[in-house]
Amino acid sequence: MLLQRLVEYRSPDSEDESSRSYSRTRTVRWQLDLSPDGKMAELVDLADPSEKATKFGKAIRVPNGGRTSGIAPAIGADDAQYVLGWCDAKSKPDRVAKAHKAFVELSRRWLREHPDDHAAQAVVAFYDQGDPPSPRDGDKWSSKDLVIIAVGGNEVTDSDSLWSVWKSVVEERKSGSGARSGFCLVCGKRKPLLDRMPQALPKALVPRAEQEIALISANKRIHTYDHVEGLAGSPICVDCGQAAVANLHAILSDERSTFTYERQRTRLAWWVTRDADSDTIRLLDERPDRIGEYLHSLATGRQRRKPSGANFCSVTISGNVARLMVHQWLDMPLEQAEDNVAAWFRDHKIMPRGQDRPAGYPIWLLVTCSGQWVPDNSPRGGRYIPMWDKAADRPDDLAHLLLQSGLHRNALPPHLLAHVVRRVRADLHLDGPRAALLRVALTRMPGRSGGEPAAVLDETQDHPAYLYGRIFATLESLQTRAYGQKNLPNATFFHRYFSGAVANPRVAIVQGIQLMPAWLKKLDSAARETGGSPEQRVLAEKAARAARRYRSAFKELYDRLQAPPAPLNDAESQSWFVMGYFHQQAHDSQAARSALSWGEPTTAPGNDTTTIEGTNQQ
Ligand SMILES: [Zn+2]
């Protein structure tokens, strides 16, 4: 289960983490400098307004036991009210006095348990002398400013003994006054059990969190089984609770083990057991050129690895006020997860226009391309509205859906097909990533009609919508070839008919059949201009060959239709139309570049590489 896997996890720097249990890097405003004999040397203001990083103080790892409403001092560093007894206008003097007394008492406990620790000796000697410094006139301060104590210039939090006392203190507090003992649900051993989880996750790590997040919470009786208080219904020992939260914190803090996207309501964190790692999992969001190398290695037959015995784990989370929501939990052999990633690329890769090998795309690009395309004057003709912009019209939680499909081979919801088709029609823009998104959604659609959509033009595919799409692309290409790219009319066949043709190809095909003779006539007359220079003769031959090819290609496709073109009433068949259209274009552009029978490369539609490289993440 999730908690067991979290407890087993060891992050690369877990050594350091484990000796600094219940700590957090926080901004410390003041440093109380003591001499080794406990005399106060100086109170240093660590805030330096000239530097952004230290504007409010210095970032230092200090003891941190999580939120609490009662008086709960730390050791060596804490609020000014605890360390120095400073009471501002918002604080109650009684409470501050108690807090300061408790801090001093805990410092004495540190010395009692580690009488040889020089830092502890100096701190206790300082408090024995009484009289901590008051705020200086003119300084801006509050009771909640963090203060750290240093002895002889060294922060007392460098002392290992401080951390060992601190660990016991937090665990005593968290296991409650009664210190229940019992069988831990996670490790199965009989140990002291927690009343509450020992630390919280910072809200910055969890999307939609409004406060620090508790991994497990049962603050009210109404939340628990049998109306017991605290975590009695889910017994977790102190060690397991501490390790689970610390490890999840480490995993969520590491961008190599998380997939995070703007405006998505969840985050996915993953890890591999047994200290193993996986670059294959990371490929889901790698750069397109790395994905290309990977696809090539798959195609050329990569060596099968021996099962490692390691497991792949992933958890998809969000926050709800101060609670953690787990949307999905996956735990499977690593090899299976990596096979799923390979299947993900196999199912969505597609031959882009202007390239010679099918391409795969990172999740962020597939999410980006689901949003609105805005034409502009750049070389690639437009751009997608950035991920953070809510006007972009992207489906909610698309990154989550794609990641789940990539890692677990889940089907994608039918509304995704409808959405992408709608955007292609509205934007009059189709490229490799959009075609890839359609292909994988169609491939993984339960009860799909027709065979599996291919990565490249499929000559055997007889789905009528696919053939309509191919016919449309052929007509568009003929018009472009007949006029030449520069002399095309403002409203081309594509601009006039594409959007309508996706839902009802009849009008476009009938119009295309009526316009075809005029287009072919242009090619035929170009083919007759054989006089003059050798170059002209070559052009004429190319025009003649193109005319022959268009006639036969159109006839061949049209004859394969079993019935007159009919409306396409659902997103699935509309997707087949778009696939057929895109495949035909990619195929034609490749044929044009191979410069054999299609004549000039002007028939090749826009090159997709520019789109991919030009679309930067966020
Ligand atoms: Zn345990």
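Figured I'd write up the structure that's included with this text. No experiment lies behind these values; they were computed from the predicted model shown.

**What to know about the coordination of the zinc ion**
Then step 1. Distances from the zinc ion to its protein donors, namely Cys-184 (SG), Cys-187 (SG), Cys-237 (SG) and Cys-240 (SG), fall within the range 2.2 to 2.3 Å.
Then step 2. Each of the four donor atoms around the zinc ion contributes to a set of angles spanning 98 to 120°, which defines the coordination as tetrahedral.
Then step 3. If you list the donors of the zinc ion from N- to C-terminus, the spacing comes out as C-x2-C-x49-C-x2-C. On the criterion of sequence distance, the pair formed by Cys-187 in the loop between β8 (181–183) and β9 (190–192) and Cys-237 in the loop between β10 (209–214) and α7 (238–252) is long-range, its members being 50 residues apart.
Then step 4. For Cys-187, a relative accessible area of 30% gives the class partly exposed.

**A few points about the packing of aromatic side chains**
Then step 1. Counted by the stated rule, this structure contains 21 aromatic pairs.
Then step 2. Considering the side-chain rings of Trp-373 and Tyr-384, the 4.9 Å spacing of their centres and the 75° angle between planes classify their relative orientation as edge-to-face. A residue pair is termed long-range when its members are at least 10 positions apart, and Trp-373 in strand β14 (residues 373–375) and Tyr-384 in strand β15 (residues 382–384) qualify at 11 residues. For the residue pair Trp-373 and Tyr-384, the accessibility class agrees, reading buried in each case.

**Some thoughts on helix α10 (residues 334–348)**
Then step 1. With 15 residues, α10 ought to run about 21 Å at 1.5 Å a step, and its terminal C-alpha atoms sit 21 Å apart, in line with that.
Then step 2. For α10, the buried fraction is high: 12 of the 15 residues fall into the buried class.

**Some words on the environment of Val-123**
Then step 1. Mapped onto the elements, Val-123 comes out in helix α5 (residues 118–128).
Then step 2. Overall, the relative accessible area of 2% leaves Val-123 in the buried class.
Then step 3. Along the chain, Val-123 and Gly-484 lie 361 residues apart, while their C-alpha atoms are 86 Å from each other.
Then step 4. If we skip the residues at most four places from it in the chain, Val-123 touches Leu-34, Ser-107, Trp-110, Ile-149 and Val-156.

**Observations regarding the side chain of Arg-434**
Then step 1. Here Arg-434 is to be found in helix α14 (residues 432–443).
Then step 2. In this structure the side chain of Arg-434 is engaged in a polar contact, spanning 2.8 Å, whose partner is the side chain of Asp-427.
Then step 3. Not counting residues within four places of it along the chain, the set of residues in contact with Arg-434 comprises Cys-369, Gly-371, Gln-372, Trp-373, Tyr-384, Val-420, Arg-423, Val-424, Asp-427 and His-429.

**Details of the nonpolar core**
Then step 1. Trp-344, Ile-363, Leu-402, Phe-472 and Phe-577 are the most contacted members of the largest nonpolar core, which totals 91 residues.
Then step 2. In terms of residue count, helix α15 (residues 464–483) provides more of this core than any other element does, 10 residues in total.
Then step 3. Residues contacting Phe-577, with those up to four places away along its chain left out, are Ala-465, Tyr-466, Tyr-468, Gly-469, Phe-472, Phe-498, Ala-501, Val-502, Pro-505 and Leu-568.

**Notes on helix α16 (residues 493–503)**
Then step 1. Three or more residues of α16 are buried, namely Phe-493, Phe-494, Tyr-497, Phe-498, Ala-501 and Val-502. The buried side chains of α16 occupy one side of the element, clustering within an arc of 130° when seen end-on.

**Some details on the packing of helix α4 (residues 93–113) against helix α6 (residues 160–174)**
Then step 1. Relative orientation of the contacting elements α4 and α6 amounts to 120°, with a least axis distance of 10 Å. When the axes of α4 and α6 are compared, the pair comes out oblique. Relative to α6, the crossing made by α4 is right-handed. Between α4, through Leu-106, Arg-109, Trp-110 and Glu-113, and α6, the contact on the second element is made entirely by Ser-161, Leu-162, Val-165, Ser-168, Val-169, Glu-172 and Arg-173.
Then step 2. Considered class by class, the residues forming the contact of α4 with α6 number five nonpolar, two polar and four charged.

About the criteria used
Residues numbered from 1 in each chain as written. Predicted model: local features only at pLDDT ≥ 70, side-chain atom pairs only at ≥ 80, totals over all residues. Heavy atoms only, no water. Donors = N, O, S within 2.8 Å, 3.2 Å for Na, K, Ca; no water. Tetrahedral: all angles 85-135°; square planar, octahedral: opposite > 155°, others 65-115°. Helix = DSSP H or I, 4+ residues; strand = E, 2+ residues; numbered from the N terminus. Buried < 20%, exposed > 50% of the residue type's maximum accessible area, 1.4 Å probe, protein only. Phe/Tyr/Trp six-rings, centres within 6.5 Å; stacked < 30°, edge-to-face > 60°. Expected span 1.5 Å × (residues − 1). Contact = heavy atoms within 4.5 Å. Polar contact = N/O pair within 3.5 Å; in protein donor to acceptor, adjacent residues only side chain to side chain. Core = buried A, V, L, I, M, F, W, Y, C linked by side-chain atoms within 4.5 Å. Arc of directions from axis to C-beta. Axes fitted to C-alpha atoms, helices over the stretch in contact; angles between N-to-C directions. Parallel < 35°, antiparallel > 145°, perpendicular 65-115°, else oblique. Left-handed = near helix turned anticlockwise from the far one by under 90°. Nonpolar A, V, L, I, M, F, W, Y, C, P; charged D, E, K, R; others polar.

By themselves, these figures tell us nothing about what the structure is for.
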